[in-house]
Amino acid sequence: MRVFFIGFGQAGGKLVDMFLAQDKKTGANSFRGIIINTARTDLMGVKNIPMEDRLLIGQTKVKGHGVGTDNVTGAKVAADEIDTIINAIDRRGTHDIDAFVVCAGLGGGTGSGGAPVLCRHLKRIYREPVYALGVIPAPEEGRLYSLNAARSLSTLVNEADNVIVFDNSAWKNDGESVKSAYERLNEEIVRRFGVLFRAGEVTKYGVGEMVVDSSEIINTLRGGGISSVGYAISEAIPKGSKGSAKSGGLFGGLRKKEKSEPHVDITGDDKSAKIIGLVRRAMLGRLTLPCDYSTAERALVLVAGPPAELDRKGVEKSKSWVEENIAGVEVRGGDYPVDSGYVAAVVLLASIGNAPRIRELMELAKEAKEEVARSRERAAAVSMFDDSEVDPLFE
């Protein structure tokens, strides 16, 4: 799948930088991207994006210093300079892409304000689907960040063709500050979506026996709403065997064993059962957005690894198991042969109906809206009195 990534704001820019780094490491050449920011220093903090693909906007308003956490200003700047943004995208080239993916942290100002604006205009101008990859803040990042995320998300779901969410609070380790965890969380995001978005690529092994191409992903995400992704990984070759440490770059970040994803050697004849177990672990384990997986409308199952470890029967049975456990009946799936000592399963749960953190954010947005309305009512009441006659209640 050929993806045009657009990183909006600091968090989005770092994600796109990591996606392009992974793409270069694998030699796939499937991804391209630009990053956009209102803060000049944030544009300097990336390594894999040429200077001509780093776009500074809002200079007349904020003079390159960013909008802080003001996502209203972030949205205004994006709207004012949308022609400049579209021209930058066109210069990078869009003739052969399958989809746009707008990456943004939804708690700040530039990304949370600008991403919905950009998605709206991309859908108006281009025929390719426009997806958002939105990172929502943990509650401890502050009420303002959560409020920004609530406002942004409620708009984004109406502007993007689908919003795939990553919830920081579900991935932060106990005692770990979110700030110190950012790089690790970004690696978790890129590892999962790097596998998903490369489905259908031709590798040195050719293509998979059951190909998952761009149309399969697009059809899975076509219903809109909010989606989540599950992921699990196991060693394909017993430890100590030749090639067991080889990750092939696609499953980057596997330098050490992870508590949340234990590595279980896949050996023996029953590859089918082991693939089913891996897919089950992907869906029942920690999702990018914790949710009730049974409320998903559609799903996609992708198993990637060395050809000798892939099994058509295992993928088919995995699809059937997922279909039995979600609300909808559309489950697509296939395999993706790669040069790696690992097998990975990715499960995309599309258009989910129940996610506690999203419900919590929407409640926060509702409360904030009511609070603003009450403040306006108080201000209107105050204006009815002269200064000397103001009721103490309104002081």
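Not measured: the values here are computed from a predicted model.

Caption draft 1: Molecular detail of the overall build of the chain. A tally of helices and strands in the chain yields 13 helices and 10 strands. Split into buried and exposed, the 395 residues of the chain put 55% on the buried side. Within the chain, contacts between residues separated by at least 24 positions form 81% of all contacts whose residues are at least 6 apart in sequence. Entry remark: accessible area of the chain is about 17,300 Å², with carbon and sulfur atoms responsible for 49%.

Caption draft 2: Just the sheet that holds strand β2 (residues 31–37), in detail. Strand order in the open sheet formed by 10 strands is β3-β2-β1-β4-β5-β6-β7-β10-β8-β9, with mixed pairing between adjacent strands. Each of the sheet's edge strands pairs with one partner strand only, and the pair in question is β3 (54–56) and β9 (330–337). Strand-to-strand twist in this sheet, taken as the mean axis angle between neighbours without regard to direction, amounts to 20 degrees. Inspection of the sheet shows β2 paired to β3 by three bridges, in the parallel sense. Counted as the bridge partner of I35 is R54 from β3. The sheet contacts of helix α12 (residues 312–325) involve β8 (298–305) and β9, and relative to β9 the element is tilted by about 150 degrees.

Caption draft 3: View of the packing of helix α7 (residues 143–159) against helix α13 (residues 356–382). Following both chains from N to C, one finds α7 and α13 inclined at 100 degrees, their axes separated by 8 Å at the closest point. In terms of their interaxial angle, α7 and α13 are classed as roughly perpendicular. Residues R143, S146, L147, A149, A150, L153 and S154 of α7 form the contact with α13, whose own contacting residues are R357, I358, L361, M362, L364, A365, E367, A368 and E371. Broken down by class, the residue content of the contact of α7 with α13 amounts to 10 nonpolar, two polar and four charged.

Definitions and limits used
- Residues numbered from 1 in each chain as written.
- Predicted model: local features only at pLDDT ≥ 70, side-chain atom pairs only at ≥ 80, totals over all residues.
- Heavy atoms only, no water.
- Helix = DSSP H or I, 4+ residues; strand = E, 2+ residues; numbered from the N terminus.
- Buried < 20%, exposed > 50% of the residue type's maximum accessible area, 1.4 Å probe, protein only.
- Contact = heavy atoms within 4.5 Å.
- Areas by Shrake-Rupley, 256 points an atom, 1.4 Å probe, with all protein chains shown as cover.
- Pairing = 2+ DSSP bridges.
- Axes fitted to C-alpha atoms, helices over the stretch in contact; angles between N-to-C directions.
- Parallel < 35°, antiparallel > 145°, perpendicular 65-115°, else oblique.
- Nonpolar A, V, L, I, M, F, W, Y, C, P; charged D, E, K, R; others polar.

Honestly, that's just the spatial picture; any functional story needs more than this.
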